[in-house]
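Residues per chain are reported as follows:
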Amino acid sequence: MASTSLLFPSVEWLQAVREVFNTSEQYRGTGSGRCDCLVGLKVDNELFRVDFEGFGCESVKEASQADLDEADFYIEMPSDEWKAMLDNIRTNGHAVGEYTINTLDLGREEGIAHSTHGDQYRQDLFVRYNQTMQFFFDASSRVATTYERA
C-alpha cells in the first residue's frame with residue numbers, strides 16, 4: 001500500500017489504482033479477460049474517464065459532460081456510497097456482499113450504470129465487463145485513501 005494517502009476522488013488516486021491493477025497478476029486472467037470500453041465515473045459533481053483496452057487500464061483523466069457522452073457507460077454513486085464500497089474493499093481486500101458493483105447496480109431500481117446516449121448495446125458493456133470493473137476497484141485495497149480535502 002502506498003505510504004502517502006491519496007484523495008478519492010482524484011486523478012492521482014485513479015492513477016495509483018490503475019498502476020496496481022495493471023501490474024498485479026491477481027487481476028489478470030481470473031475472469032476479467034479482455035475489456036475494451038470507455039467508462040465514466042461520477043462522484044457527486046466530479047467526473048472521471050477510465051479507458052480499458054485489452055487486459056489493462058490504458059488511461060484515467062478528469063472528465064467533462066462531453067466525455068460522459070462518449071463513454072460506453074458511466075458508474076454513478078454519491079460520495080458516501082463510494083466511500084462505503086471502498087472501505088469494504090480495503091477491509092476485506094476485495095468487495096464483499098452488498099458492496100460489489102454488480103450487487104450495488106442490481107440493488108437499485110435505477111442501477112448505478114447509466115448512459116447519456118441511449119445505446120443499450122454500449123451500456124450493456126457494464127454487464128459484460130463488470131468483473132473487470134470490480135477487479136479495478138478491488139485494486140484500491142492497496143492504495144492508501146483519504147476522503148478529506150486538505
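Residues numbered from 1 in each chain as written. Predicted model: local features only at pLDDT ≥ 70, side-chain atom pairs only at ≥ 80, totals over all residues. Heavy atoms only, no water.

On to the overall build of the chain, then. Of regular secondary structure, the chain possesses 6 helices and 7 strands. Taken over the C-alpha atoms alone, the chain extends approximately 40 × 35 × 30 Å along its principal axes. By the burial criterion, 48% of the 150 residues in the chain qualify as buried. Across the chain, every contact between residues at least 6 apart in sequence was considered, and the portion connecting residues at least 24 apart equals 70%. Within the chain, the 26 negative side-chain charges are centred at a point lying 5 Å from the centre of the 13 positive side-chain charges. (Helix = DSSP H or I, 4+ residues; strand = E, 2+ residues; numbered from the N terminus. Buried < 20%, exposed > 50% of the residue type's maximum accessible area, 1.4 Å probe, protein only. Contact = heavy atoms within 4.5 Å. Lys, Arg positive; Asp, Glu negative; His and termini not counted. Charge placed at Lys NZ, Arg CZ, Asp CG, Glu CD.)

Side-chain pairs of opposite charge can arise whenever the charged atoms involved come near each other. Under the defined criterion, the tally for this structure stands at 10 salt bridges. With a closest N to O distance of 2.9 Å, R122 and D72 form a salt bridge. Taken together, the positions of R122 in helix α5 (residues 120-123) and D72 in the loop between α2 (65-70) and β5 (73-77) put the pair 50 residues apart, joining distant regions of the chain. On the accessibility criterion, R122 (21% relative accessible area) is partly exposed. Each of R49, D51, K61, D67 and E70 takes part in salt bridges that share partners, so that together they form one network. (Salt bridge = Lys/Arg side-chain N within 4 Å of Asp/Glu carboxyl O.)

How two aromatic rings sit relative to each other is given by the distance of their centres and the angle of their planes. Counted under the stated rule, the structure contains 9 aromatic pairs. Seen in terms of ring centroids, F73 and F126 are 5.5 Å apart; in terms of plane orientation they differ by 80 degrees. Their pairing is edge-to-face. Of this pair, F73 sits in strand β5 while F126 sits in helix α6 (residues 125-138), placing them 53 residues apart in sequence. Summarising the burial analysis for this pair, F73 and F126 share the class buried. When the ring of F136 is compared with that of F137, the centres are 5.5 Å apart and the planes differ by 80 degrees; the resulting orientation is edge-to-face. F137 sits in the buried class, given a relative accessible area of 2%. An aromatic cluster is built from F8, W13, F21, F52, W82, F136, F137 and Y147, whose rings are joined through pairwise contacts. Taking the ring centre of F55 as reference, the NZ or CZ of R34 above it sits at 5.9 Å. (Phe/Tyr/Trp six-rings, centres within 6.5 Å; stacked < 30°, edge-to-face > 60°. Lys NZ or Arg CZ within 6 Å of the ring centre and 35° of its normal.)

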